[in-house]
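Notes for the structure review
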Amino acid sequence: MTVASYWHLLRRNRNLRLLWTAQVVSEMGDWFYSVAIFSFLLELTGSAQMVALAFLMQVLPQVFMAPTAGVINDRISRRKVMIFADCARAGIVLSMLLVRTRGMLPLLYLLLLLESVCWSLFEPGSRAVIPNITEEDEIPIANALSSATWSFNFALGAGLGGLVLVTFGRETVFIVDSLSFVASALLIRAMKFAEPHADDLPPLRARDLMDFSPIAEGIRYVRRDPKLLATIFVKGGVGLAGANWVILPVLGERVFRVHWQGLSATQAGALGMSTLFASRGIGAILGSFLGGNVAGTNRARLRWTILAGFGMIGAGYVALGVAGSLLMAVLTLVVAHAGGSACWTASTTLMQRQTEDRFRGRVFSAEFAFSMLTLSISSFAAGRVVDRGIDVRTVAVATGLAMLLPIGAWLDHFRI
């Protein structure tokens, strides 16, 4: 798999090109506004736990929405679901302009929760349609491209987000993010492809969302395949490193500030934060190619790539805990998140190859729920312990050591 293979696939596959472009514009806006929110909360409250709570509102609702999101994505057009989610998120993010004081923080958390609900509808659908718009041998290329794009958007969006924030202000960041969702919806609306999972099904009714038989059917389907069951938990293992959503803002704001002439302490902290997030994104770019190029579609190589990825996350965060300079912190984050992205890409390819189309929405929603659950627990725990006086560097080392759990579980999976 070469860089040219990604270009050729995009050039000849209109649907994938539209989906990919939608991903570029919407995710770039996402990372702009994440930096703005975390910086705003630390400036207003000085509390790591408030940052953790904001991240919790962005991910935990997806755990509870996953069963419903899976049923919706398996019953109706996934294209229409994605368009609805994008339009709703455009309005939600624009409403964040109303939050200006500490007394209005509950509104911010509510908006973050609503945006998360829409994301939980969008994400499983976007991954589930990949096999519908590509040939079988193109699936790993499309997955690696999607993962690399997410990583590139993270790196560039987080880096530019800090610059836009200190140059133009928080309001501009929210407006840009809102417009990015509008553009994404228009691009997805232009896609044309068959969705056989929805053929000959009756219209989805509100009471169908309270019918748990499709969920039970999906559970039985997964339990019949131990290898698929193990793969569902891979991203949950990566989610144990979710403490980074607290570690990086705090390290950037308190330890690795970027001091330029004329910048206030708050602005220097925002740039330090965006630098750390950008290095995480650079590592994820490298990892996406590792998970796609090295592993390809070979199931044995995909499994070994996941194991190596877990090890890289662990080693990277232990090293971050003792990093003595911003450059060293950047390098450790590149290693750690190259491993995380490799796990993500390889497990996605495994899941798509192991799952029938009619179950794909439910299976990906379940996988997404497990990953969001571990992300929520680890990030909230990190916020609590940092506010209780535990050094953030110690939390970073503990995060790295926690990766011994998924390493051990995945080694046991090799016996299946």
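Each value, and the rule that gives it
Residues numbered from 1 in each chain as written. Predicted model: local features only at pLDDT ≥ 70, side-chain atom pairs only at ≥ 80, totals over all residues. Heavy atoms only, no water. Helix = DSSP H or I, 4+ residues; strand = E, 2+ residues; numbered from the N terminus. Rg over C-alpha atoms; globule rule 2.2 N^0.38 Å. Contact = heavy atoms within 4.5 Å. Areas by Shrake-Rupley, 256 points an atom, 1.4 Å probe, with all protein chains shown as cover. Lys, Arg positive; Asp, Glu negative; His and termini not counted. Charge placed at Lys NZ, Arg CZ, Asp CG, Glu CD. Axes fitted to C-alpha atoms, helices over the stretch in contact; angles between N-to-C directions. Parallel < 35°, antiparallel > 145°, perpendicular 65-115°, else oblique. Left-handed = near helix turned anticlockwise from the far one by under 90°. Nonpolar A, V, L, I, M, F, W, Y, C, P; charged D, E, K, R; others polar. Phe/Tyr/Trp six-rings, centres within 6.5 Å; stacked < 30°, edge-to-face > 60°. Buried < 20%, exposed > 50% of the residue type's maximum accessible area, 1.4 Å probe, protein only. Lys NZ or Arg CZ within 6 Å of the ring centre and 35° of its normal. Core = buried A, V, L, I, M, F, W, Y, C linked by side-chain atoms within 4.5 Å. Polar contact = N/O pair within 3.5 Å; in protein donor to acceptor, adjacent residues only side chain to side chain. Salt bridge = Lys/Arg side-chain N within 4 Å of Asp/Glu carboxyl O. pLDDT = per-residue confidence, 0-100. Patch = residues over 30% accessible without salt bridge, like charges linked within 9 Å, V, L, I, M, F, W, Y side chains within 5 Å.

Regarding the overall build of the protein
Assigned secondary structure in the protein consists of 18 helices and zero strands. A compact globule built from 416 residues should have a C-alpha radius of gyration of about 22 Å, and the protein, at 20 Å, falls within 12% of that. Structurally, the protein occupies a C-alpha span of about 60 × 45 × 45 Å along its principal axes. Intrachain contacts of the protein at a sequence separation of at least 6 include 86% that bridge at least 24 residues. A total of about 16700 Å² of accessible surface is found on the protein, and carbon and sulfur atoms cover 66% of it. In the protein, the 36 positive side-chain charges and the 27 negative ones have mean positions that sit 1 Å from each other.

A look at the packing of helix α12 (residues 244-254) against helix α17 (residues 392-402)
Contact geometry of α12 with α17 gives a least axis separation of 10 Å together with a crossing angle of 150 degrees. The orientation of α12 with respect to α17, classified from their angle, is roughly antiparallel. The crossing of α12 and α17 is left-handed. The residues of α17 that touch α12, namely those facing Ile247, Val250 and Leu251, are Val392, Val395, Ala396 and Thr399. Grouping the constituent residues of the contact of α12 with α17 by class yields six nonpolar, one polar and no charged.

Thoughts on the packing of aromatic side chains
Within a pair of aromatic rings, the relevant descriptors are the distance that separates the centres and the angle that separates the planes. Per the stated rule, a full pass over the model turns up three aromatic pairs. Each ring, one from Trp245 and one from Phe277, has its centre 5.6 Å from the other, and the planes form 40 degrees; the classification is tilted. Of this pair, Trp245 sits in helix α12 while Phe277 sits in helix α13 (residues 265-294), placing them 32 residues apart in sequence. According to the relative accessible area criterion, Trp245 is buried, its value standing at 7%. Here Phe277 falls in the buried class, since its relative accessible area comes to 3%. Cluster of aromatic residues (ring-pair linked, three or more members): Phe38, Trp245 and Phe277. Over the aromatic face of Phe122 sits the side chain of Arg89, whose NZ or CZ is 4.8 Å from the ring centroid. Residue placement shows Lys235 over the ring face of Trp344; its charged tip is 4.9 Å from the ring centre.

So, the nonpolar core
With 99 residues, the main nonpolar core has Leu112, Ile247, Phe310 and Leu320 as its most contacted residues. With 15 residues, helix α2 (residues 14-45) is the largest single contributor of residues to this core. If we ignore the near neighbours within four places in the chain, the residues touching Leu320 are Ile247, Leu248, Leu251, Ala329, Thr332, Leu333, Arg393 and Ala396. Counting eight residues, the second-largest nonpolar core is a separate cluster that includes Leu228, Ile232, Phe359 and Val363.

Describing the side chain of Ser178
Tracing the sequence through the fold places Ser178 in helix α8 (residues 170-189). Residue classification places Ser178 among the buried positions, given a relative accessible area of 6%. Once residues lying within four places of it in the same chain are set aside, the contact partners of Ser178 are Ala90, Val93 and Leu94.

Notes on α12
In terms of burial, α12 is largely enclosed, as nine of its eleven residues are buried. Burial in α12 covers these residues: Asn244, Trp245, Val246, Ile247, Leu248, Pro249, Val250, Leu251 and Gly252.

Regarding the environment of His8
Residue position: His8 is located in helix α1 (residues 3-12). Classification of His8 as partly exposed rests on a relative accessible area of 34%. His8 sits 132 residues away from Pro140 along the chain, and the two C-alpha atoms are 14 Å apart. In this structure the side chain of His8 is engaged in a polar contact, spanning 3.2 Å, whose partner is the side chain of Arg11.

Comments concerning the pattern of salt bridges
Under the counting rule described, the total for this entry stands at eight salt bridges. A salt bridge links Asp74 to Arg78; its shortest N-O distance comes to 2.7 Å. Just as Asp74 is buried, Arg78 falls in that class too. Residues Arg257 and Glu253 are paired through a salt bridge, measuring 3.9 Å at the closest nitrogen-oxygen approach.

A closer look at the confidence of the model for the protein
Low-pLDDT portions of the prediction should not be read for the details of their coordinates. Averaged over the protein, the pLDDT score is 83; the fraction of residues at 70 or greater is 92%. Confidence, read as mean pLDDT per element, is least for helix α9 (residues 213-223) in the protein (69) and greatest for α17 (95).

A short note on a positive patch on the surface
On the surface, a cluster of positive charge is made up of Arg14, Arg17, Arg189 and Lys192. Its place among the elements puts Lys192 in the loop between α8 and α9. With a relative accessible area of 60%, Lys192 lands in the exposed category.

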